[in-house]
Amino acid sequence: INIISSNNNIIYNNYFNNPINAQDNSINSWNITKTPGLNIIGGPFLGGNFWHDYIGNDTNNDGLGDTNLPYNSAGFILNGGDFLPLVEVQVLPQPVLCGSTINSSTGLINNLVNCPANGLTITANNIVLDCQGHNVSGSGVDNGIFSDSKSNITIRNCIVSNFSNGLRLNLVENSYLINNTALNNNYGFRLSSSSLNNITSNSISNSNIYGFFLQSS
């Protein structure tokens with residue numbers, strides 16, 4: 001992007017991977033205030049842009065750079081720059097057991113089989129659960145993945161089967177269900193008293209009652 005004598009623009013949530021990512025001789029904003037929401041690279045916060053040559057670090061794993069700021073495209077952004085560059089959230093790969101609580105961004109590395117109650121329970125805001133294609137299966141009761149009274153959570157790439165509710169959200173807002181599969185549950189996805197959520201690219205099959213059940217949501 002090349003900006004010449006053009007001021008007061010706000011450029012954010014874009015993906016830049018070029019020999020020269022940006023040139024700007026004017027006065028513009030390259031980020032907004034840190035805001036909960038799914039960004040262009042799948043992180044839990046909106047801020048600035050993704051720059052392939054940003055060399056700073058994310059010290060608190062919120063998906064926004066904290067060092068070597070502002071990003072100024074090797075000096076080609078003459079005034080200011082991006083104070084909240086996007087970086088990949090470190091979804092920590094770890095084995096989990098049936099009944100585990102998820103309180104930080106997590107990537108599953110194993111299947112959960114024949115869970116006798118809830119498979120997984122998300123207990124924190126602003127995190128990502130990436131099942132990475134693994135299966136969470138139950139014994140016909142409770143919830144495959146459950147969260148209550150949380151916001152800005154992302155659940156993606158999960159296969160949830162043989163529960164009363166595959167994915168169950170209660171009082172959850174501004175969250176994202178992406179590329180999940182629900183099989184052989186009473187309810188595939190069940191949301192109650194939840195709002196402003198995004199449900200995208202999911203698959204539901206063989207539900208005994210409803211595939212999607214939204215109540216007061």
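Note that the structure is predicted; figures quoted are calculated from it, not measured.

Rules behind the numbers
- Residues numbered from 1 in each chain as written.
- Predicted model: local features only at pLDDT ≥ 70, side-chain atom pairs only at ≥ 80, totals over all residues.
- Heavy atoms only, no water.
- Helix = DSSP H or I, 4+ residues; strand = E, 2+ residues; numbered from the N terminus.
- Buried < 20%, exposed > 50% of the residue type's maximum accessible area, 1.4 Å probe, protein only.
- Contact = heavy atoms within 4.5 Å.
- Pairing = 2+ DSSP bridges.
- Axes fitted to C-alpha atoms, helices over the stretch in contact; angles between N-to-C directions.
- Patch = residues over 30% accessible without salt bridge, like charges linked within 9 Å, V, L, I, M, F, W, Y side chains within 5 Å.
- Areas by Shrake-Rupley, 256 points an atom, 1.4 Å probe, with all protein chains shown as cover.
- Salt bridge = Lys/Arg side-chain N within 4 Å of Asp/Glu carboxyl O.
- Phe/Tyr/Trp six-rings, centres within 6.5 Å; stacked < 30°, edge-to-face > 60°.
- Lys NZ or Arg CZ within 6 Å of the ring centre and 35° of its normal.
- Polar contact = N/O pair within 3.5 Å; in protein donor to acceptor, adjacent residues only side chain to side chain.
- Core = buried A, V, L, I, M, F, W, Y, C linked by side-chain atoms within 4.5 Å.

1. Some details on the overall build of the protein chain
Line of reasoning, step 1. When its secondary structure is counted, the protein chain shows zero helices and 23 strands.
Line of reasoning, step 2. In terms of its C-alpha atoms, the protein chain occupies a principal-axis envelope of roughly 60 × 35 × 25 Å.
Line of reasoning, step 3. Here the protein chain holds 217 residues, and the buried ones make up 46% of them.
Line of reasoning, step 4. For the protein chain, the proportion of contacts with a sequence separation of at least 24, taken over those separated by at least 6, is 39%.

2. Here's the deal with the pairing of strand β14 (residues 143-148)
Line of reasoning, step 1. Counting buried residues in β14 gives five out of six residues, a clear majority hidden from the surface.
Line of reasoning, step 2. As paired strands, strand β11 (residues 120-122) and β14 are joined by three bridges and run parallel to one another. Of the residues in β14, the one forming a bridge with I122 is S147.
Line of reasoning, step 3. Examined bridge by bridge, β14 and strand β17 (residues 165-170) share five bridges and lie parallel to one another. Across the sheet, residue I145 finds its bridge partner in β17, namely L167.

3. Topic: the sheet that holds strand β18 (residues 176-178)
Line of reasoning, step 1. Taken in spatial order, the six strands of this open sheet run β7-β9-β12-β15-β18-β21, and their pairing is parallel. Whereas interior strands pair on both sides, the edge strands pair on one side only; in this sheet they are β7 (92-94) and β21 (198-200). On average, each strand axis in the sheet is tilted by 15° relative to the strand beside it, whichever way the strands run.
Line of reasoning, step 2. Both β7 and strand β9 (residues 106-108) contribute to a ladder of three bridges, which runs parallel. Paired with Q94 across the two strands is L108, which belongs to β9.

4. With respect to a nonpolar patch on the surface
Line of reasoning, step 1. A surface patch of nonpolar side chains, about 250 Å² in accessible area, is lined by I199, F212 and L214.
Line of reasoning, step 2. Considering the arrangement of structural elements, one finds I199 in strand β21.

5. Overview of the packing of aromatic side chains
Line of reasoning, step 1. Applying the stated criterion across every chain, the model contains eight aromatic pairs.
Line of reasoning, step 2. For the ring pair W30 and W51, a centre distance of 5.7 Å and an interplane angle of 55° mean the geometry is tilted. With W30 in the loop between β3 (23-24) and β4 (35-36) and W51 in strand β6 (residues 50-51), the pair connects residues that are 21 residues apart, well separated along the chain.
Line of reasoning, step 3. Seen from their ring centres, Y187 and Y210 are 6.2 Å apart, and the 40° between their planes marks the pair as tilted. Here the residue Y187 occupies a position in strand β20 (residues 187-192), and Y210 occupies one in strand β23 (residues 210-215), the gap between them amounting to 23 residues.
Line of reasoning, step 4. Its relative accessible area of 46% is what places Y210 among the partly exposed residues.
Line of reasoning, step 5. An aromatic cluster is built from F16, W30, W51 and Y71, whose rings are joined through pairwise contacts.
Line of reasoning, step 6. Over the face of the ring belonging to F45 we find K34, whose NZ or CZ atom lies 4.4 Å from the ring centre.
Line of reasoning, step 7. Residue placement shows R190 over the ring face of Y187; its charged tip is 4.6 Å from the ring centre.

6. Focus on the side chain of N31
Line of reasoning, step 1. Structurally, the position occupied by N31 is in the loop between β3 and β4.
Line of reasoning, step 2. Residue classification places N31 among the buried residues on the basis of a relative accessible area of 18%.
Line of reasoning, step 3. Within the structure, N31 has its side chain in polar contact with the backbone nitrogen of F83 (distance 2.9 Å).

7. Some words on the sheet that holds strand β8 (residues 100-102)
Line of reasoning, step 1. Pairing is parallel across the open sheet formed by six strands, whose spatial order is β8-β11-β14-β17-β20-β23. With one partner strand each, in any of the chains shown, β8 and β23 form the two edges of the open sheet. Neighbour-to-neighbour, the strand axes of this sheet turn through a mean angle of 10°, independent of strand direction.
Line of reasoning, step 2. Where β8 meets β11, three bridges bridge the pair, whose relative direction is parallel. Residue T101 lies in a different strand from β11, and its bridge partner there is T121.

8. So, the nonpolar core
Line of reasoning, step 1. Core analysis: the biggest nonpolar cluster contains 25 residues, and L120, I122, L129, I145 and I155 have the highest contact counts within it.
Line of reasoning, step 2. Elements with a minimum of two residues in this core: β10 (112-115), β11, β17 and β20.
Line of reasoning, step 3. Among residues more than four places away in sequence, those in contact with L129 are T106, L108, L120, I122, I145, T154, I155 and R156.
Line of reasoning, step 4. In terms of nonpolar packing, the next biggest core, distinct from the first, is built from ten residues, I3, W30, W51 and Y54 among them.

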